[in-house]
Amino acid sequence: MDAGKHGSTDGNGNGNGSGGGGAGARGGMDAGAGAVAGAGAGAIAATAATAAAKVRGIKGIFTKAPEQTPSRGEPDGALCGNGDIGVCAGNSPDKLTFWICKNDIWRAKPHQNGGGARSFGYLQLDVPQLAGAEFYAEQHIAAADIHTDMAKGGARLKTKTYADYNANVVVTTLSNAGDEAIGVRVSLRAIRGNEPVEDFVYYHVGTEQYETTGREAVCSEGAAGNALSMSKAFRGADLDWEVEAFALSKVLGKESAEFELGAGEEVTVVTAACTSFDAEGSPESACRELIGRMCAEGAVQAARAEHERWWEDFWSTSSISIPGEPEIEKYWYASHYLLACCCKAGKFAPGLYGAWVTTDEPNWGGDYHFDYNHEAPWWGVYSSNKVGLADVYDTPLLEYVDMGTRRARELLGARGILQMVGIGPKGCNIGEIFFPDGALCPLGAYWGQKFDAVYAALNMVTRYYMTCDGEYARKILPYLVGAVEFWEDWLELEDGRYVIYNDYAGENGWALGDPGRSDKHDPKHDFNPLISLAFIRIAAKGLIDIAGDLGLYQERLPAWQDMLDRLSEFPTHEVNGKTVYRLQERNMPQEGKGRPARKNVGTAPIFPGNFIGAASSGAELEIARNSFEEAVSWEHFNAFSIFYPMAARVGYPPDEIIRHLNDQIRNHSFGNFFIYYGGGGIECCSGVPCTVNEMLLQSHQGEIRLFPNWDRAKDASFDSLRAYGAFLVSASIEGGEIGEVRIESEKGRRCRLHSPWDEGLSVYCDGRLVPVTSVMTKKGEDYRFGTKPGKTYAVVKGSKRVEA
């Protein structure tokens, strides 16, 4: 493996306690009452210890300077972040550079080619003595650090950089590890678009050159003694809102930003970065206050301790161990790391490329894209029990309700929400499309799609089913109502079923030439697209369940249920002699329109839809497997986050899934653990976690299934993965045998568990047998038992139980 390209671990960090939190931690437990009584606290401690041991050994290794940083897509440099600020390291050893980015710097222009996420600036260390030195860097995920080590002759400079999770501060420590003094000049510069900056080389993906709108930013830089500043602002009447960003760096312990670092000497550079969204006053005042705080005696050390505690808590929420697949296990943890670096409650949601927008022309404006891209990054965090990372997911959607409602009414005469494909924060229509003469193309930004709002509702519904959180349900309910309400008006009742006209299964270029509302039955559009039928069902069912649980909208439940009951079935047809899902019941003609005919096979009901899994009937699984095999796409511009979890859902051979996952890691990853594709970005962060979780645990069909698509000849364990019904589940398999299972109930819902043993099972809580009922199905025996909030249940092999 090329250490310059792929992530790596040192020593045996990935192997420490391979069964530590799984088989090892629980192997000594007796099924009797005494041992089971203490299962909860001990298991939590085991989870934390296992996760801590795993992540301490996971590092990205870089033995050459990044070649695609800055980038219009994913940068390939070492990354860290605090959920709002992102940092990326690169450039040559004598000009070591740390790009400082923020999620809330946008050019809020409603124009596809003029608005979007924007870059900020960079901190650069000029060390002439290191010219020609070899580049070396490490990305540590345990506490989100970037380490560098550059040496040439007797000159050796080490740095350690991190973005403080609890404040808008980046801390960089420089250490002279050589035997001669080093001259250092620190500079702080704003990025003025994508033109070359003095003493700096901008790299581009391939040889493509492109224009930038970044020069429209108002930038400034300043220096006074040991303090440096930069600012960048987007202002103008053509913007929905303005933003100003300010950063202030201070070299602690030195009188100037240009200094000599003696042998064995260490100095710290503290950089505060704020925008007009971070503070009630000016971002400059906020930065000066932060720097003042960090200059107090012991402040840097105290802040570091709090930062490390946050990351320890984050990693303690869950763990997995798959000792036979160290690379996949590593990417399970590292994928969560990347999301944690760019997601923070109360801050702006990350766009397509997370908190690392290193140019002013990111692909697709770096926007929130609702074909699937904005939904995908979080598909793994729910089952991984890292739900807090998804707090930011809803923010742009809830901010868009008013705009989406107005657009549905004005453009289509419908109630509810018409969700644009590409939007920005605060309801900004970043994806707006205009004709060459400057006139607005009203429906162009929707690309013929009507399903984006119900697709976006998928994550909300999934989170509710996973957490049963009533407060969260109340927050998202208005969006769900709007998403479903649109279809109350848009669906048509024909021959006893609801059907869809004038929609499209993908992005329809026809819509760009439509200056207004086209005829609803225009044959250019699709009839009954599979993806719309799937997500209308998910959104409507979720709305009915949530409204029912909250006791709200009772008078509207019958109409929503009727829509759900009479919605057209998923269309199918024959391909190569097999029945498969069809992308639509009737499709738009393709001939002569400058785009190839589509392979007419759909997969939306399998994943990310939740209609197919291990509990499905044989007939359903056959159609799903046929569709998967006909659409097989292990390497696809857009499908990594979709196709791999789908393979687990249909029961594809697990060794084949594992083999292809390893291929992705080997052939499509940077040293910073980004798995990259053309669509790419942070959407790929869900590919490994979601696939592994689906192989180890499934619950989307209402029952918990353990190791539903895992090779039972291979040892594995997991601690505190999350299941539908607000259950945290832990289990292990060792030597082909599934050991004791632990289920913690957060909300006291009734638990349904598919028995992993032919001998049946028994359930204990506080050392006492719990009454259970069992139901025989074609798939085996299902068990059901009541739970209480906060209680932990031990499930063991054998039917020693009392009936309910």
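Residues numbered from 1 in each chain as written. Predicted model: local features only at pLDDT ≥ 70, side-chain atom pairs only at ≥ 80, totals over all residues. Heavy atoms only, no water.

K.L.:
What should I look at first to understand the overall build of the protein in this one?
P.N.:
Within the protein, the secondary structure is distributed over 16 helices and 39 strands. Looking at the protein residue by residue over its 804 residues, the buried ones come to 62%. Summarising the internal contacts of the protein: among those between residues at least 6 apart in sequence, 70% fall at separations of at least 24. When the accessible surface of the protein is totalled, it reaches about 27,800 Å², and 49% of it is carbon and sulfur. (Helix = DSSP H or I, 4+ residues; strand = E, 2+ residues; numbered from the N terminus. Buried < 20%, exposed > 50% of the residue type's maximum accessible area, 1.4 Å probe, protein only. Contact = heavy atoms within 4.5 Å. Areas by Shrake-Rupley, 256 points an atom, 1.4 Å probe, with all protein chains shown as cover.)

K.L.:
Sorry if this is basic, but what is going on with the packing of helix α10 (residues 470–490) against helix α11 (residues 530–550) here?
P.N.:
Helix-helix packing is characterised by the crossing angle of the two axes and by the distance between the axes. Two elements in contact, α10 and α11, have axes whose closest approach is 9 Å; the angle formed by their N-to-C orientations is 135°. Between α10 and α11, the interaxial angle falls into the category oblique. Remark: the crossing between α10 and α11 carries left-handed chirality. Contacts between α10 and α11 involve G470, A473, R474, I476, L477, L480, V481, V484 and W487 from the former and S532, I536, A539, A540, L543, I546 and L550 from the latter. For the contact of α10 with α11, a count of residues per class yields 13 nonpolar, 2 polar and 1 charged. (Axes fitted to C-alpha atoms, helices over the stretch in contact; angles between N-to-C directions. Parallel < 35°, antiparallel > 145°, perpendicular 65-115°, else oblique. Left-handed = near helix turned anticlockwise from the far one by under 90°. Nonpolar A, V, L, I, M, F, W, Y, C, P; charged D, E, K, R; others polar.)

K.L.:
What is the right way to read helix α14 (residues 640–649) from this model?
P.N.:
Helical geometry: 3.6 residues make up each α-helical turn, so side chains three or four residues apart lie on a common side. Extensive coverage of α14 is indicated by the burial of 10 of its 10 residues. Buried within α14 are the following residues: F640, S641, I642, F643, Y644, P645, M646, A647, A648 and R649. Summarising the contacts, the buried residues of α14 are in contact with α9 (452–467), α13 (618–630), α15 (654–667), α16 (687–696) and β28 (697–698). Looking one or two residues beyond α14, the residue adopting positive phi is G651, at roughly 80°.

K.L.:
Can you walk me through unusual backbone geometry in this structure?
P.N.:
Glycine aside, residues mostly have negative phi angles, and peptide bonds mostly take the trans form. Along the chain, T69 connects to P70 via a cis peptide bond; the corresponding omega equals 0°. Within the fold, P70 resides in the loop between β2 (58–62) and β3 (78–81). Following F607, the chain continues to P608 via a peptide bond in cis, the omega torsion being 10°. Counting through the fold element by element, P608 comes out in the loop between β27 (584–586) and α13. Not every positive phi belongs to a glycine, and Y553 is a case in point at roughly 55°. Looking at where Y553 falls in the secondary structure, it is placed in the loop between α11 and α12 (557–566). Notably, F707 is not glycine yet its phi reads approximately 50°, a positive angle. You can see F707 is positioned in the loop between β29 (705–706) and β30 (716–723). With relative accessibility at 1%, the residue F707 sits in the buried group.

K.L.:
Would you take a moment to explain the sheet that holds strand β4 (residues 85–90) for this structure?
P.N.:
The pairing of strands in a sheet comes from backbone hydrogen bonds and takes either a parallel or an antiparallel form. Strand order in the open sheet made by the 6 strands is β3-β4-β5-β8-β13-β17, with antiparallel pairing throughout. Both outer strands of the open sheet, β3 and β17 (258–261), are each paired with one neighbouring strand and no more. Pairs of neighbouring strands in the sheet enclose a mean axial angle of 20°, with direction left out of account. Note that β4 and strand β5 (residues 95–102) share 6 bridges and pair antiparallel. The residue of β5 that forms the bridge with V87 is I100. Contacts between helix α6 (residues 326–342) and the sheet are confined to β3 and β4, with β3 contributing the most and set at about 50° to the helix. (Pairing = 2+ DSSP bridges.)

K.L.:
Please explain the environment of Y644 as it appears in this structure.
P.N.:
Structurally, Y644 is set in helix α14. Given the relative accessible area of 0%, Y644 is considered buried. Sequence-wise, Y644 and L661 are 17 residues apart; in three dimensions their C-alpha atoms are separated by 7.9 Å. Among all residues touching Y644, those that are not within four sequence positions of it are W634, I657, H660, L661, Q664 and T691. Side-chain polar atoms of Y644 contact the backbone oxygen of W634, separated by 2.8 Å. (Polar contact = N/O pair within 3.5 Å; in protein donor to acceptor, adjacent residues only side chain to side chain.)

K.L.:
What is the right way to read the nonpolar core from this model?
P.N.:
Note that soluble globular proteins tend to have their nonpolar side chains buried in a common cluster. In this structure, V186, I704, L706, F707, F718, V729 and I743 are the most contacted members of the largest nonpolar core, which totals 227 residues. A total of 14 residues in this core trace back to one element, the largest contributor, which is α11. Not counting the four nearest positions on each side in its chain, I743 is found in contact with I704, F727, L728, V729, C751, L753, F785, K791, T792, Y793 and V795. Among the nonpolar cores identified, the runner-up in size contains 16 residues, and Y162, F246, A272 and I291 belong to it. (Core = buried A, V, L, I, M, F, W, Y, C linked by side-chain atoms within 4.5 Å.)

K.L.:
What should I look at first to understand the pairing of strand β14 (residues 218–224) in this one?
P.N.:
If a strand is regular, its side chains alternate between the two faces of the sheet. Judged from the 7 bridges that link them, β14 and strand β15 (residues 227–234) form a sheet pairing that is antiparallel. Bridge assignment links E221 to a residue of β15, and that residue is M230.

K.L.:
How should I be thinking about the sheet that holds strand β34 (residues 751–754) in this particular structure?
P.N.:
An order of β34-β38-β37 is seen for the 3 strands of this open sheet, with the pairing classed as antiparallel. Bordering the open sheet on either side are β34 and β37 (773–777), each of which pairs with just one other strand. Across the sheet, the mean angle from the axis of one strand to that of its neighbour is 25°, orientation sign disregarded.

K.L.:
It is not clear to me how the side chain of D782 should be interpreted in this structure. Could you clarify?
P.N.:
Within the secondary structure, D782 is located in strand β38 (residues 780–785). Although D782 lies buried, it forms no salt bridge, and the closest oppositely charged side chain, R752, sits 4.1 Å away as judged by the N-O distance. Polar side-chain contacts of D782 include one of 2.7 Å to the side chain of H754. In this structure D782 touches E703, R752, L753, H754, T773, S774, V775 and T777, once residues within four positions along its chain are discounted. (Lys, Arg positive; Asp, Glu negative; His and termini not counted. Salt bridge = Lys/Arg side-chain N within 4 Å of Asp/Glu carboxyl O.)

K.L.:
Would you explain the packing of aromatic side chains in this entry?
P.N.:
The relative placement of two aromatic rings is captured by the distance of their centres and the angle of their planes. This structure, assessed with the given rule, holds 40 aromatic pairs. Both rings, one in Y165 and one in W310, keep their centres 3.6 Å apart while their planes meet at 15°; by these two values the pair is stacked. Placement of Y165 in the loop between β11 (155–163) and β12 (169–176) and of W310 in helix α5 (residues 299–315) is noted, with a sequence separation of 145 residues between them. Summarising the aromatic geometry, the rings of W311 and W315 are spaced 6.1 Å apart at their centres and angled 35° between planes, so their arrangement reads as tilted. Within this pair, W311 and its partner W315 are both found in helix α5, separated by 4 residues, close to a single helical turn. Each member of the pair, W311 as well as W315, carries the same accessibility label: buried. Connected via pairs of aromatic rings, a cluster forms that spans Y165, W310, W311, F314, W315, W332, Y333 and Y337. Of note, K344 hangs over the ring of Y165, and the distance from its end group to the ring centre comes to 4.4 Å. (Phe/Tyr/Trp six-rings, centres within 6.5 Å; stacked < 30°, edge-to-face > 60°. Lys NZ or Arg CZ within 6 Å of the ring centre and 35° of its normal.)

K.L.:
What am I meant to see in the environment of V300 here?
P.N.:
Note on placement: V300 falls in helix α5. With a relative accessible area of 16%, V300 lands in the buried category. Along the chain, V300 and V171 lie 129 residues apart, while their C-alpha atoms are 8.3 Å from each other. Setting aside its immediate chain neighbours within four residues, V300 contacts Y162, V171, L252, V270 and M294.

These figures capture arrangement, not role.
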